[in-house]
Amino acid sequence: MSGLLKISEATVLAIHALIVIAAKGGALATNGGIATSLGASGNHLSKVLQRLVKAGIVRSVRGPGGGFVLD
């Protein structure tokens, strides 16, 4: 079954990050919090989240107390 669908590690990370963000119910999810819950690299996750922001899927809030929320 492993050959059924090939998707990149970044895509898998994006899907899981979106699930974590959605589970927050509209509250902001931080990069560090998402990375910790997924056991992922914060740097890699940051790049993935930037792509999701550019695509208009999530919105970022900058500064202390900032994070990500579904758009």
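**Overview of the overall build of the protein**
Okay, step 1: Within the protein, the regular secondary structure consists of 3 helices and 2 strands.
Okay, step 2: The C-alpha atoms of the protein give a radius of gyration of 12 Å, which matches the 11 Å a tight globule of 71 residues would have.
Okay, step 3: Summarising its shape, the C-alpha atoms of the protein cover approximately 45 × 25 × 20 Å along the three principal directions.
Okay, step 4: Scored against the burial criterion, the 71 residues of the protein give a buried share of 24%.
Okay, step 5: A separation threshold of at least 6 residues defines the contact pool for the protein, and within that pool the share at least 24 residues apart is 51%.
Okay, step 6: With the model as given, the accessible surface of the protein reaches about 4,800 Å², and the carbon-plus-sulfur share is 57%.

**Looking at the pairing of strand 1 (residues 58-61)**
Okay, step 1: Relative to strand 2 (residues 67-70), strand 1 is paired through 4 bridges, and the arrangement is antiparallel. Considered in strand 2, the bridge of Val-58 is made with Leu-70.
Okay, step 2: What sits between strand 1 and strand 2 in their antiparallel hairpin is a turn of 5 residues, with Gly-63 showing a positive phi close to 90°.

**A few points about the pattern of salt bridges**
Okay, step 1: Tallied over the full model, the rule gives 1 salt bridge.
Okay, step 2: Of the charged contacts in the structure, one is a salt bridge between Arg-59 and Asp-71, with a shortest N-O distance of 4.0 Å. Pair noted here: Arg-59 is in strand 1 and Asp-71 is in the segment after strand 2, with a separation of 12 residues, a long-range link.
Okay, step 3: Assessed through its relative accessible area of 42%, Arg-59 is described here as partly exposed.

**Looking at the environment of Val-58**
Okay, step 1: Topologically, Val-58 is positioned in strand 1.
Okay, step 2: Residue classification places Val-58 among the buried residues on the basis of a relative accessible area of 2%.
Okay, step 3: Val-58 sits 47 residues away from Thr-11 along the chain, and the two C-alpha atoms are 15 Å apart.
Okay, step 4: Excluding residues that lie within four positions of it along the chain, Val-58 makes contacts with Leu-18, Ile-21, Leu-49, Leu-52, Val-53, Phe-68, Val-69, Leu-70 and Asp-71.

**So, the packing of helix 2 (residues 31-38) against helix 3 (residues 42-54)**
Okay, step 1: Between helix 2 and helix 3, whose axes approach to 9 Å, the crossing angle comes to 115°. Of the two possible hands of crossing, helix 2 and helix 3 adopt the one that is right-handed. Counted together, Asn-31, Ile-34 and Ala-35 of helix 2 and Gly-42, Leu-45, Ser-46 and Leu-49 of helix 3 form the full contact between these two elements.
Okay, step 2: Its residues placed into classes, the contact of helix 2 with helix 3 shows 4 nonpolar, 3 polar and no charged.

The rules behind the values
- Residues numbered from 1 in each chain as written.
- Predicted model: local features only at pLDDT ≥ 70, side-chain atom pairs only at ≥ 80, totals over all residues.
- Heavy atoms only, no water.
- Helix = DSSP H or I, 4+ residues; strand = E, 2+ residues; numbered from the N terminus.
- Rg over C-alpha atoms; globule rule 2.2 N^0.38 Å.
- Buried < 20%, exposed > 50% of the residue type's maximum accessible area, 1.4 Å probe, protein only.
- Contact = heavy atoms within 4.5 Å.
- Areas by Shrake-Rupley, 256 points an atom, 1.4 Å probe, with all protein chains shown as cover.
- Pairing = 2+ DSSP bridges.
- Salt bridge = Lys/Arg side-chain N within 4 Å of Asp/Glu carboxyl O.
- Axes fitted to C-alpha atoms, helices over the stretch in contact; angles between N-to-C directions.
- Left-handed = near helix turned anticlockwise from the far one by under 90°.
- Nonpolar A, V, L, I, M, F, W, Y, C, P; charged D, E, K, R; others polar.

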